[in-house]
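Topology and contacts: notes
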Amino acid sequence: MIKVALLSRPGLMDPMKALLARELPGVAVASWPEPAALEAELAVCWKPEPGALASMRRLRLIHSIAAGVDNILSDATVPDVPLCRIVDPDITAAMTEFVLWSTLYFHRDFDRVISNARDGLWQRYDQRAAKDSRVGILGLGELGTDAARRLVQLGFTVSAWSRSPKQLADVRTFSGAEALDAFLSETDILVSLLPLTPSTVGLLNAARLSRLPKGAALILCSRGEHVVMDDLIALLGGGHLRGAVLDVFEHEPLPAEHPLWREPGVLVTPHMAAIASWETITLQVAENARRLLSGRPLLNVVDRARGY
Ligand code: NDP
Ligand code: OXD
């Protein structure tokens, strides 16, 4: 039976041990840096220590416990074996809920009335129809596509930007770097659902965020590194941007003393947009382990050249 290594901060993946034993009878599971982990064929990872994967000579498969794989590919020494990620309908549904909630937060002025309520201020704002709010989604993959469809169902005017050209009913689609400014200039509520790669790191800088119309808002569900935070803060402070819901940060957890917690217009959420359960993760890892052992095609394989 297959040997599995769990690579993460100590204890994080302990709940997987019993679940893997249930799914893969006879499996040997070791946690990095136990010596047995060095002999594993399957590495299950969240932010593995740089160099750890390269030192596993029998490694045949790397599995992320997340949808994103930037936590693994940021280590240049990662061996060239298949890399799989988590894709699951419950995660997609959870992300769509988060995107819908945060879109409505701005569209229905909850950001303003929650702030006003602290001062006992009774103030109503003119209501807009959903079609009058233009929601733009960066990334039209597993998560972006579902969010776009549901926003369309609610009547929003939806556009989306991807690397390659895409078509989606009732969604205005843009692709490639050359189309980004046009996409941004027609977006009132910007939702980021991009993977973090060398092409997307720092994408949302002062120049790009300034392309958004005055009063636009940002919903960041992807990775903190997609945004140049100082640029975002400057555009919020200067009044060009109305607000931001930030779910992800370069360094997590965001320290209690970090100014973003108290930045007017910013709502910090604790990387909670879509959280995979250990049960979901284990079922996918175990299925790929069985496929690896029987030589069948793996599920949710990452394209290493694209980085996602
Ligand atoms: P996918 O790989 O399915 O989709 C990625 C999309 O981004 C694709 O449409 C792709 O374009 C597009 N894209 C990638 N690079 C570029 C680029 N350079 N320019 C334009 N478009 C680009 O990813 P998922 O939808 O599954 O997940 C997206 C991200 O969401 C994850 O990588 C992760 O960072 C984040 N996430 C956050 C969670 C949270 O709780 N906050 C939970 C889960 C995921 P194309 O279609 O042309 O390939
Ligand atoms: C993910 C995440 O990538 O949780 O799955 O951010």
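Quick summary incoming for the structure in this document. Note that the structure is a prediction, hence the values are computed from the model and not measured.

**Section: the sheet that holds strand E10 (residues 216–220)**
One open sheet holds the seven strands; their spatial order is E8-E7-E6-E9-E10-E11-E12, and the pairing between them is parallel. The strands lining the two open edges of the sheet, one partner per strand, are strand E8 (171–175) and strand E12 (266–268). Neighbour to neighbour, the strand axes of the sheet diverge by 15° on average, direction disregarded. As judged from the five bridges shared by strand E7 (residues 157–162) and E8, these two strands associate in the parallel manner.

**Considering the site of ligand 1**
Taken together, 29 residues form the shell around ligand 1, and within it Arg 85, Leu 140, Ser 164, Lys 166 and Tyr 308 come nearest. Separating an oxygen atom of ligand 1 from a backbone N or O atom of Ser 222 is a distance of 3.4 Å. For ligand 1, whose accessible area on its own is 940 Å², the fraction buried by protein is 93%. When residues of the shell around ligand 1 are traced back to their parent elements, those giving at least two are helix H5 (142–153) and E7. A breakdown of the residues in the shell around ligand 1 according to their chemical character gives 13 nonpolar, nine polar and seven charged. When residues are assigned to domains, the shell around ligand 1 turns out to be shared by domain 1 (3–88 + 276–294) and domain 2 (89–268), each giving three or more.

**Some remarks on the nonpolar core**
Formed by 30 residues in total, the largest nonpolar core has its most connected members in Trp 161, Leu 218, Leu 232 and Leu 246. For this core, the secondary-structure elements that each account for two or more residues are helix H6 (180–185), E10, helix H8 (229–237), strand E11 (241–246) and E12. If one sorts the elements of this core by residue count, H8 sits on top with four residues.

**A short note on the packing of aromatic side chains**
Applying the stated criterion to the full structure yields four aromatic pairs. Measuring from centroid to centroid gives 5.2 Å for Trp 101 and Tyr 105, while their planes differ by 25°, and the two rings are stacked. In this pair, Trp 101 and Tyr 105 are both assigned in helix H3 (residues 89–107), four residues apart and thus about one turn of the helix distant. By relative accessible area, which is 42% here, Trp 101 ends up partly exposed. Residue classification places Tyr 105 among the buried positions, given a relative accessible area of 9%. Measuring from centroid to centroid gives 5.6 Å for Phe 174 and Phe 183, while their planes differ by 70°, and the two rings are edge-to-face. In this structure, Phe 174 and Phe 183 share a single accessibility class: buried. Stacked on the ring of Tyr 125, the Lys or Arg Arg 112 has its end atom at 5.4 Å from the ring centre. Of note, Arg 306 hangs over the ring of Tyr 308, and the distance from its end group to the ring centre comes to 4.1 Å.

Rules and cut-offs
Residues numbered from 1 in each chain as written. Chains lettered and ligands numbered in written order. Predicted model: local features only at pLDDT ≥ 70, side-chain atom pairs only at ≥ 80, totals over all residues. Heavy atoms only, no water. Pairing = 2+ DSSP bridges. Helix = DSSP H or I, 4+ residues; strand = E, 2+ residues; numbered from the N terminus. Axes fitted to C-alpha atoms, helices over the stretch in contact; angles between N-to-C directions. Near = heavy atom within 4 Å. Polar contact = N/O pair within 3.5 Å; in protein donor to acceptor, adjacent residues only side chain to side chain. Areas by Shrake-Rupley, 256 points an atom, 1.4 Å probe, with all protein chains shown as cover. Nonpolar A, V, L, I, M, F, W, Y, C, P; charged D, E, K, R; others polar. Domains from an automatic or database assignment. Core = buried A, V, L, I, M, F, W, Y, C linked by side-chain atoms within 4.5 Å. Buried < 20%, exposed > 50% of the residue type's maximum accessible area, 1.4 Å probe, protein only. Phe/Tyr/Trp six-rings, centres within 6.5 Å; stacked < 30°, edge-to-face > 60°. Lys NZ or Arg CZ within 6 Å of the ring centre and 35° of its normal.

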